[in-house]
Every structure is written in structure tokens, then in C-alpha cells.
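# Architecture at a glance
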Amino acid sequence: MAAALPFALSRLLATPDTNAQDEAWAAFVAEHSRLLLNAARSVTSDHDAAMDCYTYILEQLREDGCRRLRAFVPDGRSRFTTWLVVVARRLCVDQRRRRYGRVRNDDSASAMAARRRLLDLVGEKDPDEIASIDVDPQQSLRVDELHHVLEAAVARLAPADRVLLRLRFEDELPAREIAAVLRLPTVFHVYRRLNALLKELRVTLRNRGVEDPEP
């Protein structure tokens, strides 16, 4: 049986009257404002830019009769709040690309470094011992292969787990902020889930013939 929509979302999408819609929208924003603010802050550390992103998120979520919110399908595989974080972050990235252009080369290098850090951790390093590793040009092919295998393994994870990894390794958020964005009770829940995911990725890589993630 399909899961039901969260009450605030269901009320918002089912309300035909304009005045009632305004009230439903206000209630929806009040319930999810902190989550959306944290999503905006995960994209930029600048306060004004984050508030600009937050405003943009709200505008886009309400656009065309809440078209984006209507795309959520309660299939039971992920929570609405997790889905909302992903949508909000994508909107922020889209806004920044519109304003500042597409991803630059140094951004691509940062993404590569994030995958490198994740590979290091899959190689049994502690989650707090993250460091960027310079790659020998002679090893570039091996590194590319590892990245492709890792990306395929991550793509098979649940949406909430992919968001967790993205916040930790791409955005480099501390556990405290990740807990706030994903509404996890404590930082210990963040570390516990990270450790479980790293173990799962190690097994997946081993099953695909990668015994040692070091290039």
C-alpha cells in the first residue's frame, strides 16, 4: 500500500481556494523553513547568498501551483523531507549557475577530490581523517576506473544515503550541520550511518573486483 502524503503537503496540494492556499502555504513553510534554510546553507557559506537561495527555493516550490511539490511520490522508499532537501539543493545550484555560470574547472577538481576522500575512507580510514590526496599522473587511469566503480555503487544507495554522502564529502559539512539538514537526532547517528555506508561500499567494491581502493 502506498504511503500517504505528509499532512502539510497534502493540505497544500488539495486546497482549491486562494485564501486557503495562502494559509496552507504559510503552514507548509513554517513546518519546513528550517530544513530549507539548512539546505541553502549547505550550498553556500555566505549568509546573504544563503538567504537569497532560500527565497529562490520558496519561489520555485510555489511556482505553477506547486508543480515541483506535486512531483513527490510517496512510495515508501524515502521520506518527503529527504526528497525536499535534494530538490532544494538542486534549486540552489541551478540559481547559482544562472547567476555565475556553469561549473568551473576548480569546481570539477573539488568534486574529484570529494570522490578521492570517499575512496580513502572506503580503504578503512577513519571518518575524521579526511585529506586531499594528489594523484600521480601515471595512476590517472586507475583512479578514473575506481571513480566510475564508486559512482555506480553510490548510485545504487537509497536517496537519503546519497544525500548524506554528498553533504559529508562534497559539501564537507560537519556532522552537526548534517544532522540538522537531515533531521537526525544527534551527530552520533550521522557517524553511525556513515560507518555503515562505508562498510557497505567496501563490500560492493570487493564484489566488483576491487580488493584495494588505493590507486
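Before reading on, note that the structure itself is shown above.
Predicted model, so just to flag it, every value in this text is computed and none were measured.

Parameters and conventions
- Residues numbered from 1 in each chain as written.
- Predicted model: local features only at pLDDT ≥ 70, side-chain atom pairs only at ≥ 80, totals over all residues.
- Heavy atoms only, no water.
- Helix = DSSP H or I, 4+ residues; strand = E, 2+ residues; numbered from the N terminus.
- Buried < 20%, exposed > 50% of the residue type's maximum accessible area, 1.4 Å probe, protein only.
- Contact = heavy atoms within 4.5 Å.
- Areas by Shrake-Rupley, 256 points an atom, 1.4 Å probe, with all protein chains shown as cover.
- Salt bridge = Lys/Arg side-chain N within 4 Å of Asp/Glu carboxyl O.
- Core = buried A, V, L, I, M, F, W, Y, C linked by side-chain atoms within 4.5 Å.
- Axes fitted to C-alpha atoms, helices over the stretch in contact; angles between N-to-C directions.
- Parallel < 35°, antiparallel > 145°, perpendicular 65-115°, else oblique.
- Nonpolar A, V, L, I, M, F, W, Y, C, P; charged D, E, K, R; others polar.
- Arc of directions from axis to C-beta.
- Phe/Tyr/Trp six-rings, centres within 6.5 Å; stacked < 30°, edge-to-face > 60°.
- Disulfide = S-S within 2.5 Å.

### Examining the overall build of the protein
When helices and strands are tallied, the protein shows 9 helices and 0 strands. When the helices and strands of the protein are listed from N to C terminus, the series reads α-α-α-α-α-α-α-α-α. Within the span of the protein, comprising 215 residues, buried residues form 38% of the whole. Of all intrachain contacts in the protein linking residues separated by at least 6 positions in sequence, the fraction that spans at least 24 positions is 67%. In the form shown here, the protein has an accessible surface area of approximately 12500 Å², with 49% of it arising from carbon and sulfur atoms.

### Re the pattern of salt bridges
Evaluated as defined, the whole model comprises 5 salt bridges. In this structure, the salt-bridge partner of R68 is E63, at a minimum N-O distance of 3.2 Å. Look at E63 and you get partly exposed, because its relative accessible area is 31%. Between D64 and R67 there is a salt bridge, and its shortest N-O distance comes to 3.5 Å. Separated by 3 residues within a single helix, D64 and R67 lie in helix α3 (residues 47-70), roughly one turn from each other. Overall, R67 belongs to the partly exposed group, its relative accessible area being 42%.

### Some words on the nonpolar core
Ranked by size, the top nonpolar core spans 49 residues in total, and within it F28, L61 and L69 carry the most contacts. Looking at this core, the elements with two or more residues in it are α1 (7-14), α2 (18-41), α3, α4 (80-100), α6 (140-155), α7 (159-170), α8 (175-182) and α9 (187-207). No other element matches α2, which puts 9 residues into this core. Ignoring anything within four residues of it in the chain, the contact list for L69 reads L9, L12, L13, W25, F28, L61, F80, W83 and L84.

### A word on the packing of α8 against α9
The contact between α8 and α9 brings their axes to 8 Å, and the two run at 95 degrees. Compared by their axis directions, α8 and α9 come out roughly perpendicular. Contacts between α8 and α9 pair A175, R176, I178 and A179 from the former with V187, V190 and Y191 from the latter. Partitioned by chemical class, the residues of the contact of α8 with α9 number 6 nonpolar, no polar and 1 charged.

### Describing α8
Among the residues of α8, those classed as buried are A175, I178, A179, V181 and L182. Projected down its long axis, α8 shows its buried positions confined to an angular sector of 165 degrees, all on one face.

### Quick word on the packing of aromatic side chains
Per the stated rule, a full pass over the model turns up 5 aromatic pairs. On the numbers, 5.7 Å between centres and 25 degrees between planes, the contact of F80 with W83 is stacked. Here F80 pairs with W83, and both are found in helix α4, just 3 residues apart, close to one helical turn.

### Remarks on unusual backbone geometry
In the Ramachandran plot, D64 falls in the positive-phi region, its phi being about 50 degrees despite a non-glycine side chain. Non-glycine residue C66 carries a positive phi angle of around 60 degrees. By the element assignment, C66 lies in helix α3. On the basis of relative accessibility, which here comes to 6%, the residue C66 falls in the buried class.

### Digging into the state of the cysteines
Enumeration according to the criterion identifies 0 disulfides in this entry. Not engaged in a disulfide, the cysteine C53 finds its nearest cysteine sulfur in C92; these two sulfurs lie 3.8 Å apart. Since its relative accessible area comes to 1%, C53 is described here as buried.

All we've got here are geometric facts, nothing functional implied.
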